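Letter by letter, the chains look like this.
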Amino acid sequence: MSDGKGDVWVEAGFAELGRAGVEGVRVEVLAKNLGVTKGGFYRRFADRAALLEAMLEAWRKGRIAAIAQQTSLDGQAPRERLKAVIQLYSERLNPEGMAIELAIRQWARSEDNAAAAVASVDAARLRHVGDLYRATGLAAEEADAQAFLFYCFIFGQSLLFVESGPRKRSQLVAKSAEKLLDRA
């Protein structure tokens, strides 16, 4: 939906998706959360499936645009750009964004359209980060392997609880980032 009104429903859908998973994204719940009637929903979408498809498309486009922007060199050296992306994802944890990411990945385990959206986003993420590693001089196969490790780290570190607290976590992330950048 491009006029903004449909986006309200999509955004409400994302909020509920992050909170309760795809099963929680129900028209009645969204209407109540938005303080409107279900009739407004049906003027925008044919049914719940149409909303879910719009959500997947918005997530896919948004994540692909984000990684393209985040990995754009804009005059920076590839190694510095990689470092900046690591900092972006490790220093500024986004619980709501991570909840949505995890919910979409869970949804993808049982629904082909969600799986296709996740595969498309993952491919773009790996391609863009792989391009940065290639720009540092790594061969294609090595760059792709580094990009894969990069994303295993980006997502994995956000899921781990470090008992020693935020300072220790920060030190671990910094040391791990150095390892990811050693060959870049």
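Residues numbered from 1 in each chain as written. Predicted model: local features only at pLDDT ≥ 70, side-chain atom pairs only at ≥ 80, totals over all residues. Heavy atoms only, no water.

This part is about helix H7 (residues 112-135). Between its first and last C-alpha, H7 extends 34 Å over 24 residues, near the 34 Å set by a 1.5 Å rise per residue. Buried residues of H7: Ala114, Ala117, Val118, Val121, Ala124, Arg125, Val129, Gly130, Leu132 and Tyr133, and no others. Here the buried face of H7 lies against helix H4 (48-70), helix H5 (78-91), helix H6 (95-108), helix H8 (140-159) and helix H9 (166-181). The N-terminus of H7 is capped by glutamate 111, whose side-chain oxygen sits 2.8 Å from the backbone nitrogen of asparagine 113. Directly after H7, the chain includes glycine 137, whose backbone phi takes a positive value near 110°. (Helix = DSSP H or I, 4+ residues; strand = E, 2+ residues; numbered from the N terminus. Expected span 1.5 Å × (residues − 1). Buried < 20%, exposed > 50% of the residue type's maximum accessible area, 1.4 Å probe, protein only. Contact = heavy atoms within 4.5 Å. Polar contact = N/O pair within 3.5 Å; in protein donor to acceptor, adjacent residues only side chain to side chain.)

Below, the discussion takes up the pattern of salt bridges. Tallied over the entire structure, the rule returns 10 salt bridges. Beyond isolated ion pairs, a larger network of salt bridges with shared partners links Glu101, Arg105, Asp122 and Arg125. (Salt bridge = Lys/Arg side-chain N within 4 Å of Asp/Glu carboxyl O.)

Let's shift gears to the side chain of serine 90. Considering the arrangement of structural elements, one finds serine 90 in helix H5. Relative accessible area serves as the criterion here: at 10%, serine 90 is assigned to the buried category. At 2.7 Å, the side chain of serine 90 and the backbone oxygen of isoleucine 86 are in polar contact.

Of all hydrophobic cores here, the largest spans 27 residues; its most connected members are Phe14, Leu17, Leu51, Met55, Trp59, Ile104 and Trp107. Counting only elements with at least two residues in this core, the list comes to helix H1 (5-20), helix H2 (27-34), H4, H6 and H7. Ignoring anything within four residues of it in the chain, the contact list for tryptophan 107 reads Leu17, Val22, Leu52, Leu56 and Ala114. By size, the runner-up hydrophobic cluster in this structure holds 21 residues, among which are Leu82, Ala143, Tyr151 and Val173. (Core = buried A, V, L, I, M, F, W, Y, C linked by side-chain atoms within 4.5 Å.)

By secondary structure assignment, the location of aspartate 112 is in helix H7. For aspartate 112, a relative accessible area of 66% gives the class exposed. Once the C-alpha coordinates of aspartate 112 and glycine 130 are considered, the two residues, 18 residues apart in sequence, prove to be 26 Å apart.

It is worth spelling out the packing of aromatic side chains at this point. The tally for this structure, following the rule as stated, stands at six aromatic pairs. Taking the centre distance of 4.9 Å and the plane angle of 90° together, the rings of phenylalanine 41 and tyrosine 42 count as edge-to-face. Looking at phenylalanine 41, the relative accessible area reads 0%, which means it is buried. Pairing tyrosine 133 with phenylalanine 150 gives two aromatic rings, centres 6.4 Å apart and planes at 80°, and the pair type is edge-to-face. Taken as a pair, tyrosine 133 in helix H7 and phenylalanine 150 in helix H8 lie far apart in primary sequence, 17 residues in all. Residue phenylalanine 150 is classed as buried on the basis of its relative accessible area, which comes to 0%. Ring-pair connections join several aromatic residues into one group, and the members of that group are Trp9, Phe41, Tyr42 and Phe45. Positioned above the aromatic ring of phenylalanine 155, the side-chain terminus of arginine 105 is 5.4 Å from the ring centre. (Phe/Tyr/Trp six-rings, centres within 6.5 Å; stacked < 30°, edge-to-face > 60°. Lys NZ or Arg CZ within 6 Å of the ring centre and 35° of its normal.)

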